Protein chains: 2
Amino acid sequence: MRIGILGSGRMGAKLGTIWARAGHDVLFSYSRSPAKLRRLGNSGSPAQAAANAAAVLLAVHWSRVDDVLSQAGDLSGKTIVSCSLPMNADDTELVVAHTSSGAEELARKIPAAHIVSAFSTVPSEVLLAVFAARRRKNRPNVVYCGDEAKSKRVVARLIRDAGFDPLDCGPLRIARYIEPFTMLVGQLAYERPGGPELAYRFLRS
Amino acid sequence: MRIGILGSGRMGAKLGTIWARAGHDVLFSYSRSPAKLRRLGNSGSPAQAAANAAAVLLAVHWSRVDDVLSQAGDLSGKTIVSCSLPMNADDTELVVAHTSSGAEELARKIPAAHIVSAFSTVPSEVLLAVFAARRRKNRPNVVYCGDEAKSKRVVARLIRDAGFDPLDCGPLRIARYIEPFTMLVGQLAYERPGGPELAYRFLRS
């Protein structure tokens, strides 16, 4: 699968690297460091990353969403998997919550694209360990939600290819619950003992 | 430990029954059905349930909180473990969220009590199965938060005695993330395939 990465920071660089190792054709874009971008592998502009991609990962800070979208060209009909959480500039609070979500705001910005919210709920620090352990039983989950069935199937495959077990939470509005859940995971990963290599699994007893 | 149950509906009846089986001295109160209350075991008024209790479980619908508190007597200095989610009358939406939480609103109603938020994140339907399987390794978690260390230790013990592994998420304001997480669990339990016997565990890889 051809995957375009919009935002090659910690999440984008790691997920793209993992998908490339899983056999996908990944094109990285939009990093503060051109040298880092070159080191990651195939790289280009946001428009090049999005062109012909079967899935586009949006992994920029919320404050950069409008800028990267303005450089990404026409995203109509494309599957956009977003892990961009709607955080304020100092990353302490959600700026969209309860009556809407970052995922729904994103869908309003690019209504012709198909948004799937995924991967915000797992810290970047755990990604390589989960991918390395992908042969185990009882993989950790990644919750996801979206309104378009075909795009959700694409994203479920990408979740699986990263070593996680995809858990479909329903329509895009469920991001109103998933995004605060991301804040809870962040609290546990970064403010509580045990460190950021944290994942989660829902259990059926 | 003497435990008073304020609200003997699905959650309160099950948790109280489990704690009684675990050896605690449980007094049930505040059910719509007096016959059900008698069937559960020791029962009485909310004031009787709260008197001399080392921990009080608040498990009423949000719309009943003021009423049950008005009947519970002086709760100063008491450990209140609350699983009452701030839902509207038809249980479709949180009425407090993002800039506050039900747990924080409760703390404002009874400032001399020590509020610990716990158990909202596990459906009542899973409680007996988790308790029955309490000898297993890798118990499911219950996340909890609060501002008073001693009360949090009491609640951690009650979580453990119910067969779960307590996970301390920090101060009471973290209920702003835990309560939407409860909504996510509810979405998975009641609106998605697999049924309501759902629990969760955070994983360190």
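Residues numbered from 1 in each chain as written. Chains lettered and ligands numbered in written order. Predicted model: local features only at pLDDT ≥ 70, side-chain atom pairs only at ≥ 80, totals over all residues. Heavy atoms only, no water.

### Focus: helix H5 (residues 102–109) of chain B
Those residues of H5(B) that fall on the buried side of the exposure criterion are Gly102(B), Ala103(B), Glu104(B) and Leu106(B). In this fold, the buried residues of H5(B) make contact with strand S3 (55–58), helix H4 (65–71), strand S4 (79–82), strand S5 (114–118) and helix H8 (175–190) of chain B. (Buried < 20%, exposed > 50% of the residue type's maximum accessible area, 1.4 Å probe, protein only. Helix = DSSP H or I, 4+ residues; strand = E, 2+ residues; numbered from the N terminus. Contact = heavy atoms within 4.5 Å.)

### Things to note about the relation of the copies chain A and chain B
In the superposition of chain A on chain B (RMSD 0.0 Å, axial shift 0.0 Å), the rotation amounts to 180 degrees. Read as a symmetry element, the transformation amounts to a two-fold axis. (Least-squares fit on C-alpha atoms with pLDDT ≥ 70 in both.)

### A few points about the packing of helix H8 (residues 175–190) of chain A against H8(B)
H8(B) packs onto H8(A) with a crossing angle of 135 degrees between their chain directions and a minimal axis gap of 8 Å. By the angle between their directions, the pair H8(A) and H8(B) is classed as oblique. Considering how the two elements wind past one another, H8(A) and H8(B) form a crossing that is left-handed. Here Arg176(A), Tyr177(A), Ile178(A), Pro180(A), Phe181(A), Met183(A) and Leu184(A) of H8(A) come into contact with H8(B), specifically with Arg176(B), Tyr177(B), Ile178(B), Pro180(B), Phe181(B), Met183(B) and Leu184(B). Considering only residue class, the contact of H8(A) with H8(B) consists of twelve nonpolar, no polar and two charged. (Axes fitted to C-alpha atoms, helices over the stretch in contact; angles between N-to-C directions. Parallel < 35°, antiparallel > 145°, perpendicular 65-115°, else oblique. Left-handed = near helix turned anticlockwise from the far one by under 90°. Nonpolar A, V, L, I, M, F, W, Y, C, P; charged D, E, K, R; others polar.)

### Some remarks on the sheet that holds strand S2 (residues 25–29) of chain B
Residues and elements named next belong to chain B. One open sheet accounts for seven strands, arranged S2-S1-S3-S4-S5-S6-S7; its pairing is mixed. Of all the strands in the sheet, the pair left with one neighbour each is S2 and strand S7 (165–168). Averaged over neighbouring strand pairs, the angle between their axes works out to 25 degrees when direction is ignored. One ladder, built from five bridges, connects strand S1 (residues 2–6) with S2; its direction is parallel. Across the sheet, the residue bridging to Leu6 is Ser29, located in S2. (Pairing = 2+ DSSP bridges.)

### Considerations on unusual backbone geometry
Residues and elements named next belong to chain B. Unusually for a residue other than glycine, His98 sits at a positive phi of about 70 degrees. As for its placement among the helices and strands, His98 is situated in the loop between S4 and H5. Overall, the relative accessible area of 30% leaves His98 in the partly exposed class. For Phe119, which is not glycine, the phi dihedral falls at a positive 75 degrees. Its place among the elements puts Phe119 in the loop between S5 and helix H6 (127–132). Using a relative accessible area of 1% as the deciding quantity, one classes Phe119 as buried.

### A look at the confidence of the model for chain A
Here chain A averages 97 in pLDDT, and 100% of its residues register 70 or above. Reported for the predicted complex are a pTM of 0.98 and an ipTM of 0.97. (pLDDT = per-residue confidence, 0-100.)

### Focus: the sheet that holds strand S7 (residues 165–168) of chain A
All names here are of chain A. The mixed open sheet is built from seven strands, whose spatial order is S2-S1-S3-S4-S5-S6-S7. This sheet does not close on itself; its edge strands, each paired only once, are strand S2 (25–29) and S7. Ignoring strand direction, the axes of neighbouring strands in this sheet form an average angle of 25 degrees. Along the sheet, helix H1 (residues 10–21) makes contact with strand S1 (2–6), S2 and strand S3 (55–58), crossing S2 at roughly 160 degrees.

### Concerning H8(A)
Here H8(A) contains 16 residues, and its C-alpha end-to-end distance of 22 Å stays within 8% of the 22 Å for a straight helix at 1.5 Å per residue. Most of H8(A) is tucked away, with 14 of its 16 residues classed as buried. (Expected span 1.5 Å × (residues − 1).)

### A word on the interface of chain A and chain B
If you look at the interface, chain A gives 37 residues, while chain B gives 37 residues. By the criterion of area lost to chain B, the three top residues of chain A are Tyr177(A), Leu203(A) and Arg204(A), representing 21% of everything that side buries. At the junction of chain A and chain B, the tally comes to two salt bridges. One can count 15 residue pairs in polar contact (both at pLDDT 80 or more) joining chain A with chain B. Only S7, H8 and strand S8 (198–204) of chain A provide two or more residues apiece to the side of chain A that touches chain B. (Buried area = accessible area lost by both parts, 1.4 Å probe. Salt bridge = Lys/Arg side-chain N within 4 Å of Asp/Glu carboxyl O. Polar contact = N/O pair within 3.5 Å; in protein donor to acceptor, adjacent residues only side chain to side chain.)

### So, the nonpolar core
Counting residues in each nonpolar core, the largest one holds 144 residues, and the members touching the most others are Trp19(A), Phe119(A), Trp19(B) and Phe119(B). The residues touching Trp19(A), leaving out its near neighbours within four places in the chain, are Ile3(A), Ile5(A), His24(A), Val26(A), Leu57(A), Phe119(A), Leu158(A), Asp161(A) and Ala162(A). (Core = buried A, V, L, I, M, F, W, Y, C linked by side-chain atoms within 4.5 Å.)

### Side note on the packing of aromatic side chains
Tallied over the full model, the rule gives eleven aromatic pairs over all chains. On the basis of an interplanar angle of 80 degrees and a centroid distance of 6.0 Å, the ring pair of Tyr200(A) and Phe202(A) is categorised as edge-to-face. Just as Tyr200(A) is buried, Phe202(A) falls in that class too. A centroid spacing of 5.7 Å and a plane angle of 70 degrees characterise the contact between Trp19(B) and Phe119(B), whose relative ring orientation is edge-to-face. In this pair, Trp19(B) is assigned in helix H1 (residues 10–21) and Phe119(B) in the loop between S5 and H6, connecting sequence segments 100 residues apart. Aromatic rings pair up to connect Phe181(A), Tyr200(A), Phe202(A), Phe181(B), Tyr200(B) and Phe202(B) into one cluster. Just above the ring of Phe131(A) sits the side chain of Arg134(A); from NZ or CZ to the centre is 4.0 Å. (Phe/Tyr/Trp six-rings, centres within 6.5 Å; stacked < 30°, edge-to-face > 60°. Lys NZ or Arg CZ within 6 Å of the ring centre and 35° of its normal.)

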